Amino acid sequence: MKYLPQSTINNWASAKNNMLNNEEYNASQWETFNNMRRKLIKALNDKGYGLLLGSDAPQVFNVPGFSIQHEMQGMIDAGLTPYDVLKAGTANVAKFFDREGDFGQVSEGASADLILLNSNPLNDIANMKQIQGVMLRGRWLDRAFIDSELKKIADKNAGSD
């Protein structure tokens, strides 16, 4: 399914191709940068600096909601455990905003927002993609509803270009 207008996808692909084909682009230098980034993420986590899960937007091919899956895998690739990654997207966020107990955990009195998965993400962070449903502000959104809403977005964008 297509969730973005084709013009957006084409612009992103063009921007990436222009970058990769630019005579100043250096793949080895880019890989060195990514290796340093992974080491920095791992070191900050190991020293207890409380990383926060999130994706920078707007960036090429960074679609809110979907791009967080890439961010989680990037943290795993940096050497974090699935537990560390999940904590960065839940408890660490609540702590950062001084809202521990309000969200970032499953407990009485906390916000009723959570994702129900078909498989344990502690075994493999990719299991975060196996969404059975979402509890959002106390309202249950099952897989059929989520798929229906995504289809509406795809249908809306199918004729946008």
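What counts and what doesn't
Residues numbered from 1 in each chain as written. Predicted model: local features only at pLDDT ≥ 70, side-chain atom pairs only at ≥ 80, totals over all residues. Heavy atoms only, no water. Helix = DSSP H or I, 4+ residues; strand = E, 2+ residues; numbered from the N terminus. Contact = heavy atoms within 4.5 Å. Areas by Shrake-Rupley, 256 points an atom, 1.4 Å probe, with all protein chains shown as cover. Lys, Arg positive; Asp, Glu negative; His and termini not counted. Charge placed at Lys NZ, Arg CZ, Asp CG, Glu CD. Pairing = 2+ DSSP bridges. Axes fitted to C-alpha atoms, helices over the stretch in contact; angles between N-to-C directions. Buried < 20%, exposed > 50% of the residue type's maximum accessible area, 1.4 Å probe, protein only. Expected span 1.5 Å × (residues − 1). Arc of directions from axis to C-beta. Polar contact = N/O pair within 3.5 Å; in protein donor to acceptor, adjacent residues only side chain to side chain.

Draft legend 1. Layout of the overall build of the protein. Counting its secondary structure elements, the protein contains 6 helices and 3 strands. Going from N to C terminus, the protein has its helices and strands arranged as α-α-α-α-α-β-β-β-α. Oriented by its inertia axes, the alpha-carbon framework of the protein measures out at about 55 × 45 × 30 Å. Long-range pairs, those at least 24 residues apart, make up 48% of the contacts in the protein between residues at least 6 apart in sequence. Accessible surface computed for the protein: about 11200 Å², of which carbon and sulfur atoms make up 53%. Of the charged side chains in the protein, 17 are positive and 19 negative, and the gap between their average positions amounts to 1 Å.

Draft legend 2. Fine view of the environment of I146. For I146, the location among the structural elements is in helix 6 (residues 143–158). The spatial distance from the C-alpha of I146 to the C-alpha of P5 is 19 Å, given a sequence separation of 141 residues. Apart from the residues within four sequence positions on either side, I146 is in contact with I131, G133, V134 and L141.

Draft legend 3. Broad picture of the sheet that holds strand 3 (residues 139–142). An order of 1-2-3 is seen for the 3 strands of this open sheet, with the pairing classed as antiparallel. With partners counted over all chains shown, the strands left at the sheet margins are strand 1 (114–117) and strand 3, one partner each. Averaged over all adjacent pairs, the angle separating strand axes in this sheet is 20°, with direction ignored.

Draft legend 4. Highlighting the environment of K87. Examined against the element boundaries, K87 turns out to sit in helix 4 (residues 82–88). Overall, K87 belongs to the partly exposed group, its relative accessible area being 36%. Residues K87 and Q105, 18 residues apart in the sequence, show an inter-C-alpha distance of 9.3 Å.

Draft legend 5. Focus on helix 3 (residues 67–77). Turning to helix 3, its buried residues number three or more, namely S67, Q69, M72 and M75. Where helix 3 is buried, its residues meet helix 4. Positive phi appears at G79, one or two residues downstream of helix 3, with a value of about 110°.

Draft legend 6. Focus on unusual backbone geometry. With a phi close to 55°, D98 is a non-glycine residue in the positive phi region. Here D98 shows up in the loop between helix 5 (91–96) and strand 1.

Draft legend 7. View of helix 2 (residues 27–46). When the terminal C-alpha atoms of helix 2 are compared, their 29 Å separation across 20 residues agrees well with the 28 Å that a helix rising 1.5 Å per residue should span. What helix 2 keeps buried is the set N34, I41 and N45. The buried side chains of helix 2 occupy one side of the element, clustering within an arc of 25° when seen end-on. Away from its buried face by more than 90 degrees, helix 2 exposes S28, Q29, M36, K39 and L40. Residues of helix 2 that are buried make contact with helix 4. Where helix 2 begins, the capping side chain belongs to N26, and its oxygen is found 3.0 Å from the backbone nitrogen of S28. Of the residues one or two after helix 2, G48 is the one with positive phi, at around 80°.

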